[in-house]
Every structure is written in C-alpha cells, then in structure tokens.
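# Residue-level structure breakdown
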Amino acid sequence: MSNVFNRKLPGGKLMGKSLAAFATLFVLAMLPVLRASADTQTLPLVVDANQSSAREMLAMVNDFRTGDEAWYWNKDNTTKTTETNLSELTWDYNLEQIALQRACEIAVSFEHKRPDGTACFTCTYNGTSTCGENIAAGSSGSDFATAEGVYCGWREDDALYDGQGHRRNMLDNEFNAIGVAHIVYNGYHYWVQEFGWSNSGAAYTEPDDETGKTVLINVNMDYMDFQISPENNTLSVYYGDSDTLPTIHGYYYKAGETWGTNGIPVSDEEISSVSWISADPSIVQISGNNFEVVGTGTTKLTVSAKYGEDTFYCDVPFTAYSLGISDSRITVSTNSPVKYLPSGAVPVVTVMFNGKTLTEGTDYTVKDGRMLMTEEQYKHLSESEWKRANKADAIWSSCPKKQGTMDDGNAWDPGSQPEIYFDQMSDYDKAFLAACGKRTPAEFFNPPIELAPYGEAWQID
C-alpha cells in the first residue's frame, strides 16, 4: 500500500512559496534521551538513509521543468498555465540536510507539521530554511520505493488543480534550489523534497547511505499521542506450548497521521507495571510474565502498562492450534481392553500428552472422514418434544434413504451412519448384532436387486 499526500495549512493554502517561512535554528547533536522541557522530549530514531537514490531525482525534476510538459491546471480546471523558460534547480546540500531531518520526522507523523507541533518551515540547517515541501511514503513493494516512482506520483499528471500541489511546487518559477531525502524505517520508504528561492552555497558532501543512522527527533508530548505495543502484534502457538510473553514497547505517534510504523519508541526502561490478562483461560493461562496454552481456539490477551503517570492498554490476538498425532510429545497406546462395535471388537486407544492422559472429545478429536451428526442433531433423536415441534425434520430422519454406502464408506446421510444407528439401540440389540457380525439389521436381508440398464428402443418397420 502506498500513497502520496497533499497537505494544506490552515487557510487552505498549499505548502509552498506563498507561505512565510519563520525559521528557528534546530541543532542536531548525538545526545542521550532527555527531557527538553515539561512537555517536550528528544528521542532517537534509527533509520536507513539512502541519499544516493534521493539525488537521482534532481535530473528528473529538471527535465520536467525544461521539457514540454511543464504545465498545471488553473483553479477553474478548464485552463492551464504553461511554464516556459524555467531554470534548472541546483542541488543545495543544506536543503538536503533539512529534507533528511524531515524524512525522519514524517516517519513519526506524516504531515507538514513536525512532531514538536511546529510548522515544517521551522526546520533549518546552518541558517538555511525551506520555502516549499513535498512529502511521500510507501511500502517496499510499492512504486514509492524508488525515486522514479515517487517523482511520477508527485507529477500528478491526471489530477485537477486541487490535486496538483506537488506538481506546482516542482514547476514553481521562483524556486531555484532543491534538496531531496530518502530514508527507510520499519520497512517503509519516506521521501521529502525541500525547495529554496536561492542556493545556500553549502559545500559538496558525499551521499549519506548510512544503515542504522540515528537521528534525533523533538517530540511534543501534548501534541503527539502515545501507545503501547508488544514486540509481536499477534501470537500464534500450539496446544501445550508455554513461553515468555512478548516485551512491551511504548511509542509516540500522531493519530491519523502516523503511517506504516508504530511511531517513535521511548526507552523500555520508562515502561513499567506491565500486566497481562487472558480473555479465555480455557485456551491460554497467564502466570506472571509467562503463558501456557491449555486449549485450542482464538481469543485475545490484554496488556496494560504505565508510562509516566498514565496507564495504557493494548489487545493482542491469540490463536492456539491443535497438534497433529505425529508431534513428539504425543504417545498413543493400544494396550488396553477392547470395546465392541458393530464392526467387531476394537482396542481402546489411550492418548497421552507430556505424561497426561487425554480424554477423547475434550482434549482431542479423531477425524476419519466420516459424515457424522452434530451433538445437537444427535440429541434431537431422543427428544419427543423436539420431534413434535419439528415434524418435517423428524419425518425425514425416519424415512428410508438410499441403501448401501458411497465409495468412501459413508452412508448417504449422517443419520444413517452405522455407528449413529448402532448407538441408539438397546444393549441387548447391540450385543446381538455384534455377535452376528452385523452393523445394522438391514444387513440380515439380501442386497437389493440390481436392475439391468435400459437398452435402445427398437421396432420393425
């Protein structure tokens, strides 16, 4: 999934040269996490920088500005403005640093406001400020994982005036400088273009392609939202498993604006009083920071944790799967007394898991491809009141069905399965059939006559 966003500031103006740029100096320093004020934190964000790919966009934008497609719709959406004689933009290495900072910030809150609650224009570098900004983000499998894909998205060839803000920025005749950044965080790609009216003249720097680059982000705790999230967002395990519950992390994010990530993490040391609750103890039981799977099915775990003075909650989907008979923890024994079925004497199977004897129907089931009644259907067979209230179903159950069995041994309906029929008989009749080696009384009768197939009709002329 990917998207290109066109953000407006209050008043409906697109981010661009028409907005005044009030800049304050933002100094980057590799410092530990600190509280800058009562409502602001400076947090580290670890990203992968990819400035080699970001710099590929300069040639694309300049070809666009100097080519024959340098046009955009006017507000009436019927006439166009065609820009002629646009100058090529020059790469500004200070604007590139601003773009790199902003690319990290939009990974936390995807908007033209910064995580500290101020406008994007407050992000400066060595006295240089930006006059226009385009932002974009996309997953690794999307078009926005490449410079060309993002550039094509920002062109907005098929959009009308309201959807061509990025295009107008790239074709602005007052912009003369550009810096572009590309970072990857949590598997998502974030891109920023920053435009300037003039080039700062900053000296050339090599492309920053550092993997695991640490960038500091100022976060206003009143402006941003906070959430907790486990290391694993879902838990899928098997019956009998036991393990440690996942670590809980805390993140600042912006509701409706953080895209592709949980946000920017805080130190795990600031998360305290972690507590887990199982919504269904018959499936999973919690003991301290550990869980044990005692059943199968789907449920959820709810975790609570404190950050500062507040308590936060998070639900974690939990699925427990059944085990196959081949699992090494399961032993099957047939060294037990036999039981008598219509088909003859069969051994009683004992199934054990980790030394515990399991009960069929409660702890395990046997599936052999038989079409059997549900518990509810079977219960109805002996309920006179239900039969009176559901005469049509009761009559169908007692009607003769097609004789014999299908190729897989199933009867033609679940109610006619020999084991269902046999189970409803008296103990005397069961013993009689078993002694005779029959499964149903019908087996005492001759099989039905097989009719010859019809041949072609004929006559003598």
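Residues numbered from 1 in each chain as written. Predicted model: local features only at pLDDT ≥ 70, side-chain atom pairs only at ≥ 80, totals over all residues. Heavy atoms only, no water.

## What to know about the overall build of the protein
Across its full length, the protein carries ten helices and 25 strands. The buried share of the protein, reckoned over its 461 residues, is 40%. Intrachain contacts of the protein at a sequence separation of at least 6 include 67% that bridge at least 24 residues. (Helix = DSSP H or I, 4+ residues; strand = E, 2+ residues; numbered from the N terminus. Buried < 20%, exposed > 50% of the residue type's maximum accessible area, 1.4 Å probe, protein only. Contact = heavy atoms within 4.5 Å.)

## Some thoughts on the nonpolar core
A general tendency of soluble globular proteins is for nonpolar side chains to be buried together. Grouped together as the largest cluster of nonpolar side chains are 50 residues, with contacts concentrated most on Leu45, Ile183, Tyr252 and Phe318. Here Ile183 is in contact with Val47, Asp48, Ala49, Leu100, Ala103, Cys104, Ala107, Tyr188, His189 and Tyr190, once residues within four sequence places are set aside. In terms of nonpolar packing, the next biggest core, distinct from the first, is built from 26 residues, Ala70, Trp91, Val150 and Phe175 among them. (Core = buried A, V, L, I, M, F, W, Y, C linked by side-chain atoms within 4.5 Å.)

## Description of the packing of helix α2 (residues 57–66) against helix α4 (residues 147–155)
Contact geometry for α2 and α4: axes closest at 10 Å, N-to-C directions at 30°. Crossing geometry of α2 relative to α4 is assigned as right-handed. Taken together, the residues of α4 that come into contact with α2 (itself represented by Met57, Met60, Val61 and Phe64) are Ala147, Glu148, Val150, Tyr151, Trp154 and Arg155. Taken together, the residues of the contact of α2 with α4 break down into eight nonpolar, no polar and two charged. (Axes fitted to C-alpha atoms, helices over the stretch in contact; angles between N-to-C directions. Left-handed = near helix turned anticlockwise from the far one by under 90°. Nonpolar A, V, L, I, M, F, W, Y, C, P; charged D, E, K, R; others polar.)

## Things to note about the sheet that holds strand β24 (residues 350–353)
An order of β21-β24-β25 is seen for the three strands of this open sheet, with the pairing classed as antiparallel. Two strands lie at the open edges of the sheet, namely β21 (330–333) and β25 (356–357), each paired on one side alone. Judged from the four bridges that link them, β21 and β24 form a sheet pairing that is antiparallel. Its bridge partner lying in β24, Ser333 is registered against Thr350. (Pairing = 2+ DSSP bridges.)

## Things to note about a nonpolar patch on the surface
On the surface, a nonpolar cluster with roughly 360 Å² of combined accessible area is contributed by Tyr428, Phe432 and Phe444. Looking at the element boundaries, Phe432 is found in helix α10 (residues 427–436). (Patch = residues over 30% accessible without salt bridge, like charges linked within 9 Å, V, L, I, M, F, W, Y side chains within 5 Å. Areas by Shrake-Rupley, 256 points an atom, 1.4 Å probe, with all protein chains shown as cover. Salt bridge = Lys/Arg side-chain N within 4 Å of Asp/Glu carboxyl O.)

## Describing the packing of aromatic side chains
All told, the structure shown has eleven aromatic pairs when counted by the stated rule. For the pair Tyr188 and Trp259, a centre-to-centre distance of 5.3 Å together with 80° between the ring planes defines the contact as edge-to-face. Of the two residues, Tyr188 sits in strand β9 (residues 188–196) while Trp259 sits in the loop between β14 (248–253) and β15 (264–265), which places them 71 residues apart along the sequence. For Tyr188, a relative accessible area of 25% translates into the label partly exposed. (Phe/Tyr/Trp six-rings, centres within 6.5 Å; stacked < 30°, edge-to-face > 60°.)

## A short note on the pattern of salt bridges
Applying the stated criterion across every chain, the model contains ten salt bridges. One salt bridge connects Glu69 with Arg155, and the closest N-O pair in it is separated by 2.4 Å. Placement of the pair is Glu69 in the loop between α2 and β4 (71–73) and Arg155 in helix α4, with a sequence separation of 86 residues. Its relative accessible area of 10% is what places Arg155 among the buried residues.

## Digging into the state of the cysteines
Counting across every chain of the model gives zero disulfides. The cysteine Cys123 is free of any disulfide, with Cys120 supplying the nearest cysteine sulfur at 8.6 Å. Relative accessible area serves as the criterion here: at 1%, Cys123 is assigned to the buried category. (Disulfide = S-S within 2.5 Å.)

## Notes on the sheet that holds strand β12 (residues 235–238)
Pairing is mixed across the open sheet formed by four strands, whose spatial order is β12-β20-β19-β16. At either margin of the open sheet sits one strand with a lone partner, and together these are β12 and β16 (271–278). On average, each strand axis in the sheet is tilted by 25° relative to the strand beside it, whichever way the strands run.

## Describing α2
Across the ten residues that make up α2, a large majority, seven, are buried. When α2 is considered as a whole, its buried residues turn out to be Met57, Leu58, Met60, Val61, Asn62, Phe64 and Arg65. Among the structural elements, α1 (51–55), β6 (90–91), α4, α5 (165–170), β8 (177–185) and β9 are those in contact with the buried residues of α2.

## Quick word on the pairing of strand β3 (residues 40–49)
Buried residues dominate β3, accounting for seven of its ten residues. With two bridges connecting them, β3 and β8 associate as antiparallel partners. If you follow Asp48 over to β8, its bridge partner there is Val184.

## Digging into the environment of Asn289
Positionally, Asn289 belongs in the loop between β17 (284–287) and β18 (290–293). By relative accessible area, which is 40% here, Asn289 ends up partly exposed. Taking the C-alpha atoms as reference, Asn289 lies 9.4 Å from Thr247; in sequence the two are 42 residues apart. Sequence-distant contacts of Asn289, defined by excluding residues within four places in its chain, comprise Asp243, Thr244, Leu245 and Trp276.

## Remarks on unusual backbone geometry
Although it is not a glycine, Glu156 adopts a positive phi angle of roughly 55°. Following the sequence through the fold, Glu156 ends up in the loop between α4 and α5. Exposure remark for Glu156: the relative accessible area of 11% places this residue in the buried category.

## With respect to the side chain of Arg65
Within the element layout of this structure, Arg65 appears in helix α2. At 2.8 Å, the side chain of Arg65 forms a polar contact with the backbone oxygen of Ser87. Reaching out from Arg65, the side chain makes a polar contact with the backbone oxygen of Met170 at a distance of 2.9 Å. (Polar contact = N/O pair within 3.5 Å; in protein donor to acceptor, adjacent residues only side chain to side chain.)

## Regarding the confidence of the model for the protein
Put simply, the protein has an average pLDDT of 80, and 72% of its residues get 70 or more. In the model, residues 1–38 has pLDDT below 50 throughout and makes 97 contacts with residues more than four positions away in sequence or in other chains. Across residues 451–461 the pLDDT falls below 50, and counting only partners more than four positions away or on other chains, this stretch makes zero contacts in the model. (pLDDT = per-residue confidence, 0-100.)

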